[in-house]
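# Summary of structural features
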Amino acid sequence: MNFENNLEFARDLDTKDELKSFRQKFFIPQHEGKDGVYFTGNSLGLQPKTTAKYVQQELDDWAKLGVEGHFQAKNPWMPYHEIFPKQLAKIVGCKENEVVVMNQLTVNLHLLMVTFYRPDKQRYKIICEAKAFPSDQYAFETQAKYHGFDPSDAVIEVSPRTGEHTLRTEDILSTIQQHGDSVAVVLFGGVNYYTGQLFDIKAINKAAHSGGAYAGFDLAHAAGNVELKLHDWDVDFACWCSYKYLNSGPGGVAGAYIHEKHAANKELPRFAGWWGYKKETRFKMEKGFEAIPTAEGWQLSNAPILSMAAHKAALDIFEEAGVDKLHEKRKLLAGYLYYVLNDINSRQTEKVIEIITPANEEERGCQVSMLMLKRGKEIFDELTKQGVIADWREPNVIRIAPVPLYNSFEDIYRFGEIINSILQ
Ligand SMILES: *Cc1c(COP(=O)(O)O)cnc(C)c1O
């Protein structure tokens, strides 16, 4: 498409946007009495207007029914988590028996590592991206230590080449190959939180498997953002949170995926709890754990219903919009943003913004990370003052994420105009 950096053009794109009505389904943080420009859906997605109703339903049933709500609530709490797989399977690309909603992201990462990271003297390494999200780094470090390994030997980080910001797939694959049969698990993000780079999950997974290792992915920045086909790609396991692109509220309940070939294997070691126990006889409370032969077999505790109600409200909106339409709009939004940023650069004698997120559409999602070559903090502070909510990372990166459910092309135009006005 031939883009133009002006308000009329942006508004015209909004008028033609098939998903434009979805913005009305969210509370948009206000700035001086008007909608602010919210670009941090990669950090905390906005609240759907329906969330309160979904949560209130459970509060009402709790008030009315007490413990009977487990069976008699409108949405009975005992099997509440069973309402998610159908919708989530479309979002992460898997079968319904491969996905479960439970716990928090880092908790799930640890639980899955308990199953899939079982190092021995020969195979003990974890291959991951450099600058993985800190929580993931701490998980890898402490898992290695827990098993008696030195993290500086066991955790292998793949770094960008000198002068580059993102990883080359060939370097990821060759690192996996190079470490050969010392690799126990390859654990990558889907989209790196800092650079916004979308990794080639399929290729990484395949390389891990050819070396005899497992492959898992932290999809915190990928779920609800980019197309995923976890089952078809033969990914062993994955986890994600629900409060970023999935709009399910701060600290919301998280998700996990386990390929059915593993999920059905009741013998796989795990840390278990009663909610993962065979449903038919769970309440006999007998000795000896017997796993549900699906991803549900990794559940520990009875479900956090209030958080799950918020998750359901958000997923119903995804369902209504349709993932294909969302991906289409996401690409157009990002394309427009790139155009506006290039236009800003072209009006300056020297480049002010270096985009470190890959330009290739196949290697990114919503997020664009801008390395500010000059006046970065000043620009960021002015954006904040004028009602743009973005994210600042030291020393000089601004991360923004225009998300297709509630951001508009006008948001992008306004963002660009503020930067332009500062630079003039
Ligand atoms: C957001 C994020 C987390 C946060 O973990 P919580 O357990 O939800 O606090 C962890 N890892 C990645 C990659 C993230 O993007």
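Remember, it's a predicted structure, so these values are computed and weren't measured experimentally.

Attention now moves to the pairing of strand β12 (residues 368–372). Burial analysis of β12 places five of its five residues in the buried class, which makes it a mostly covered element. Note: strand β11 (residues 353–355) against β12, three bridges, orientation antiparallel. Of the residues in β12, the one forming a bridge with Glu 354 is Leu 371. Pairing of β12 with strand β15 (residues 397–400) involves four bridges; the strand directions are antiparallel. Across the sheet, the residue bridging to Leu 371 is Val 397, located in β15.

Neighbouring the ligand are the residues Leu 105, Thr 106, Phe 133, Asp 136, Asp 218, Ala 220, His 221, Tyr 243 and Lys 244. At 2.5 Å from an oxygen atom of the ligand is found a side-chain nitrogen or oxygen belonging to Lys 244. If the ligand stood free it would expose 390 Å²; the protein chains cover 82% of that surface. Looking at the shell around the ligand, its residues break down into four nonpolar, two polar and three charged.

When the domains of the protein are assigned, the result is domain 1 (7–47 + 323–423) and domain 2 (55–319). Computed over C-alpha atoms, the centres of domain 1 and domain 2 are 29 Å apart. Contact residues are listed per partner, giving 35 residues for domain 1 and 23 residues for domain 2. Summing both partners gives a buried area of about 2300 Å² for domain 1 against domain 2, and 57% of it is carried by carbon and sulfur. Looking at the side of domain 1 facing domain 2, the largest losses of area belong to Val 323, His 327 and Ile 356, adding up to 20% of the total buried there. Summed over the shared surface of domain 1 and domain 2, the number is two salt bridges. One salt bridge connects Arg 330 with Glu 227, and the closest N-O pair in it is separated by 3.1 Å. Between domain 1 and domain 2 we count 15 residue pairs in polar contact (both at pLDDT 80 or more) in total. Of all the secondary-structure elements, those providing two or more residues to the side of domain 1 that touches domain 2 are α12 (323–346), β12 and β15. The class makeup of the residues in the side of domain 1 that touches domain 2 is 16 nonpolar, nine polar and ten charged.

The next thing to look at is the packing of aromatic side chains. Within the structure shown, the criterion is met by 18 aromatic pairs. On the numbers, 5.3 Å between centres and 55° between planes, the contact of Phe 3 with Tyr 336 is tilted. Separated by 333 residues along the polypeptide, Phe 3 in the segment before α1 (7–16) and Tyr 336 in helix α12 bring together distant segments of the chain. Relative to Phe 415, the ring of Phe 39 has its centre 5.5 Å away and its plane inclined at 85°; by these criteria the two rings are edge-to-face. Of this pair, Phe 39 sits in the loop between β3 (37–38) and α2 (51–65) while Phe 415 sits in helix α14 (residues 409–423), and the two are 376 residues apart along the sequence. Since its relative accessible area comes to 0%, Phe 39 is described here as buried. Among the aromatic residues, those joined into a cluster by ring pairs are Phe 3, Phe 9, Tyr 336, Tyr 339 and Phe 409. Just above the ring of Phe 22 sits the side chain of Lys 25; from NZ or CZ to the centre is 5.2 Å. Sitting over the face of the ring of Tyr 338, Arg 364 holds its NZ or CZ atom 4.2 Å from the ring centroid.

A pair of packed helices can be characterised by two numbers: the angle between their axes and the separation between those axes. Taken N-terminus to C-terminus, the directions of helix α8 (residues 169–179) and helix α9 (residues 201–210) make an angle of 15°; their axes are 9 Å apart at the nearest point. Compared by their axis directions, α8 and α9 come out roughly parallel. By crossing handedness, the relation of α8 to α9 is classed as right-handed. Side by side, α8 and α9 meet where Thr 169, Ile 172, Leu 173 and Ile 176 of the first sit next to Ala 203, Ile 204, Ala 207 and Ala 208 of the second. Its residues placed into classes, the contact of α8 with α9 shows seven nonpolar, one polar and no charged.

Once that is clear, we can look at the pattern of salt bridges. This model, assessed by the stated rule, comprises 27 salt bridges. The residue Lys 25 makes a salt bridge to Glu 320 at a minimum N-O spacing of 3.5 Å. Within this pair, whereas Lys 25 is found in the loop between α1 and β1 (30–31), its partner Glu 320 is found in helix α11 (residues 305–321), the two being separated by 295 residues in sequence. Overall, Glu 320 belongs to the exposed group, its relative accessible area being 52%. A salt bridge links Asp 171 to Arg 161; the nearest nitrogen and oxygen atoms lie 2.8 Å apart. Of the two residues, Asp 171 sits in helix α8 while Arg 161 sits in the loop between β6 (155–158) and α8, which places them ten residues apart along the sequence. Salt bridges here are not isolated pairs; linked through shared partners, they connect Arg 23, Asp 35 and Asp 411.

Let's shift gears to the sheet that holds strand β7 (residues 183–189). Taken in spatial order, the seven strands line up as β4-β10-β9-β8-β7-β5-β6 in an open sheet, and their pairing is mixed. The strands lining the two open edges of the sheet, one partner per strand, are β4 (99–101) and β6. Strand-to-strand, the axes of this sheet are offset by a mean angle of 20°, without reference to chain direction. By the bridge criterion, five bridges tie β7 to strand β8 (residues 214–218) in an arrangement that is parallel. From the neighbouring strand, Phe 188 faces β8, where its bridge partner is Phe 217. The strands touched by helix α5 (residues 105–116) within the sheet are β5 (125–129), β7, β8, β9 (237–240) and β10 (255–258), with β9 carrying the most contacts at an inclination of about 170°. Sheet contacts for α8: β5, β6 and β7; angle to β6, the most-contacted strand, approximately 155°.

Bringing the sheet that holds β12 into the picture now. Taken in spatial order, the four strands of this open sheet run β11-β12-β15-β14, and their pairing is antiparallel. The two strands at the open ends of the sheet, each matched to only one other strand, are β11 and β14 (391–393). Going from strand to strand, the sheet's axes swing by 30° on average, the running direction of each strand aside. Two strands pair when backbone bridges link them, and β14 and β15 are joined in this way by three bridges, in the antiparallel orientation. Bridge pairing in β15 places Asp 391 opposite Arg 399. The strands touched by α12 are β11, β12 and β15; relative to β11, the strand with the most contacts, the crossing angle is about 145°.

Conventions adopted
Residues numbered from 1 in each chain as written. Predicted model: local features only at pLDDT ≥ 70, side-chain atom pairs only at ≥ 80, totals over all residues. Heavy atoms only, no water. Buried < 20%, exposed > 50% of the residue type's maximum accessible area, 1.4 Å probe, protein only. Helix = DSSP H or I, 4+ residues; strand = E, 2+ residues; numbered from the N terminus. Pairing = 2+ DSSP bridges. Near = heavy atom within 4 Å. Polar contact = N/O pair within 3.5 Å; in protein donor to acceptor, adjacent residues only side chain to side chain. Areas by Shrake-Rupley, 256 points an atom, 1.4 Å probe, with all protein chains shown as cover. Nonpolar A, V, L, I, M, F, W, Y, C, P; charged D, E, K, R; others polar. Domains from an automatic or database assignment. Contact = heavy atoms within 4.5 Å. Buried area = accessible area lost by both parts, 1.4 Å probe. Salt bridge = Lys/Arg side-chain N within 4 Å of Asp/Glu carboxyl O. Phe/Tyr/Trp six-rings, centres within 6.5 Å; stacked < 30°, edge-to-face > 60°. Lys NZ or Arg CZ within 6 Å of the ring centre and 35° of its normal. Axes fitted to C-alpha atoms, helices over the stretch in contact; angles between N-to-C directions. Parallel < 35°, antiparallel > 145°, perpendicular 65-115°, else oblique. Left-handed = near helix turned anticlockwise from the far one by under 90°.

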